[in-house]
Structures are given as C-alpha cells and as structure tokens.
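Coordinates in review
Below, each chain spelled out in residue letters.
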Amino acid sequence: MIAESVSDLATLTNIDLVLLGNCKGRNLFDLLATLKASRPGVRIIVSDSGLDERTILKAVASGAKGYVDNAASAAEFVQAVRVVNQGSVWVPRRVLSTFIEHVSSAPDRIFPTGRDAFTDREKQVLEMLVVGRSNKEIGSALGIEERTVKAPLPN
C-alpha cells in the first residue's frame, strides 16, 4: 500500500487497486475520469463521508468499483478491498436497493430496445446481492457457476 497523487498513478504500472479519498476541493468525477483515462484497468474504491445514494451510483457509473464511508470499520475497508480486487462491486446495500428500485421503475432507460425487465434469474441474483450474499453463495444456491453469477453484472 502506497500513497500517491492521481497524476503520479499514471506512471506506476504495478498498481491494481486505488483507494480514492480526500477529494476535498476537487471534483470526484473529474478525478475518476482522469484515473480511468490513464489507467483503464485499475479498480477504484471511493472513500468519503456521507455520500448520498445518487452520488455513489454516479461514481460507480463513472468507473468506481466501490464506495466505503470514511467512518467504516477497518474490517469493512479490508472486505471492500478484497471484494473489489476479486472483480466485484462494493457499495452499501441501500445503494443497491435504490438502483434496483430505479431500474424496476424505468427499465426502458436501462435495457436495450425489446427488453422490458429483469429475467426471473436476474431478479433472484439481485435480491441475493441486496441481502449481502457473495457471488459464490449465490451460485451455490441457484446451482450455477460463480462466473455465471458475475456475467450480467457490470465490470
């Protein structure tokens, strides 16, 4: 673990995951865009205080793979890093719930033409994600491979 500026991260090739914190005075979305432009494959976890659901979802849509509140326990930070490093997304369950409600109420804005809603399987997966089950647990419960669980999820 090292501390670096956003501009210095572009030159470091051995960085796989960035914990982006202390964005005071800088636009979070500009920082995310800068990081993703210079290091498209890097996984980013945003750490801030009290961001609302909409801002967290916008950060994920802008390239972040996770969000952890600054007041979170050390154990939660460790878990977030592990989950994101394994290729999944880490956000508070309230944010996933907000996302599901939004998608359910306006599926035509999310899905391509001809697709009206989640499939029954997608709904099962999302419901299990909201209650905190891992991809492995979901796969086991549904009798499918873990990679199949991850396939429809955004990278």
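So, here is what we can say about the structure in this document. (Residues numbered from 1 in each chain as written. Predicted model: local features only at pLDDT ≥ 70, side-chain atom pairs only at ≥ 80, totals over all residues. Heavy atoms only, no water.)

1. Section: the packing of helix H5 (residues 93–105) against helix H7 (residues 120–130)
The condition that has to hold: Angles here are taken between N-to-C directions and fall from 0 to 180 degrees, while the axes themselves are lines fitted to C-alpha atoms, restricted in helices to the stretch in contact. Only DSSP runs of H or I reaching four residues or more are called helices, and only runs of E reaching two or more are called strands; each is numbered from the N terminus. Relative orientations are named as follows: roughly parallel for angles under 35 degrees, roughly antiparallel for angles over 145 degrees, roughly perpendicular for angles from 65 to 115 degrees, and oblique for any other angle. Note on contacts: a residue pair is in contact if any heavy atoms of the two residues lie within 4.5 Å. Note on residue categories: nonpolar means Ala, Val, Leu, Ile, Met, Phe, Trp, Tyr, Cys or Pro, charged means Asp, Glu, Lys or Arg, and polar means any other residue, Gly included.
Remark: H5 packs on H7, axes separated minimally by 9 Å, with the N-to-C direction vectors making an angle of 150°. Between H5 and H7, the angle is such that the two are roughly antiparallel. From H5, Arg 93, Leu 96, Ser 97 and Ile 100 reach across to H7, where they touch Leu 126, Leu 129 and Val 130. For the contact of H5 with H7, the residue count by class is five nonpolar, one polar and one charged.

2. Thoughts on the nonpolar core
We count it as follows: By nonpolar core is meant a set of buried Ala, Val, Leu, Ile, Met, Phe, Trp, Tyr and Cys residues that side-chain atoms within 4.5 Å join together. Burial classes: relative accessible area under 20% of the type maximum marks a residue as buried, over 50% as exposed, and values in between as partly exposed (1.4 Å probe, protein chains only).
Counting 29 residues, the largest nonpolar core has Val 18, Leu 20, Leu 28, Leu 32, Ile 44, Val 46 and Ile 138 as the members making the most contacts within it. Of all the secondary structure elements, the ones that give two or more residues to this core are strand S1 (17–21), helix H2 (28–38), strand S2 (43–48), helix H3 (53–61), H5, H7 and helix H8 (135–142). Here this core takes five residues from H2, the largest share from any one element. The contacts of Leu 32, once residues within four sequence positions are left out, are Leu 20, Ile 44, Val 46, Ala 59, Ser 62 and Ala 64. The next biggest cluster of nonpolar side chains, apart from the first, holds six residues, and it includes Val 68, Ala 72, Val 84 and Trp 90.

3. Thoughts on the packing of aromatic side chains
Selection rule: Ring pairs shown here join Phe, Tyr and Trp side chains whose ring centres sit within 6.5 Å, with only the six-membered ring taken for Trp; geometry is labelled stacked below 30 degrees between planes, edge-to-face above 60, and tilted in between. Placement of a positive charge over a ring is assigned whenever Lys NZ or Arg CZ falls within 6 Å of the ring centre and within 35 degrees of the normal to the ring plane.
Enumeration over the complete set of coordinates arrives at zero aromatic pairs. Against the face of Phe 29 rests Lys 58, its NZ or CZ located 4.4 Å from the ring centre.

Functional significance is not addressed by these values, which are geometric in nature.
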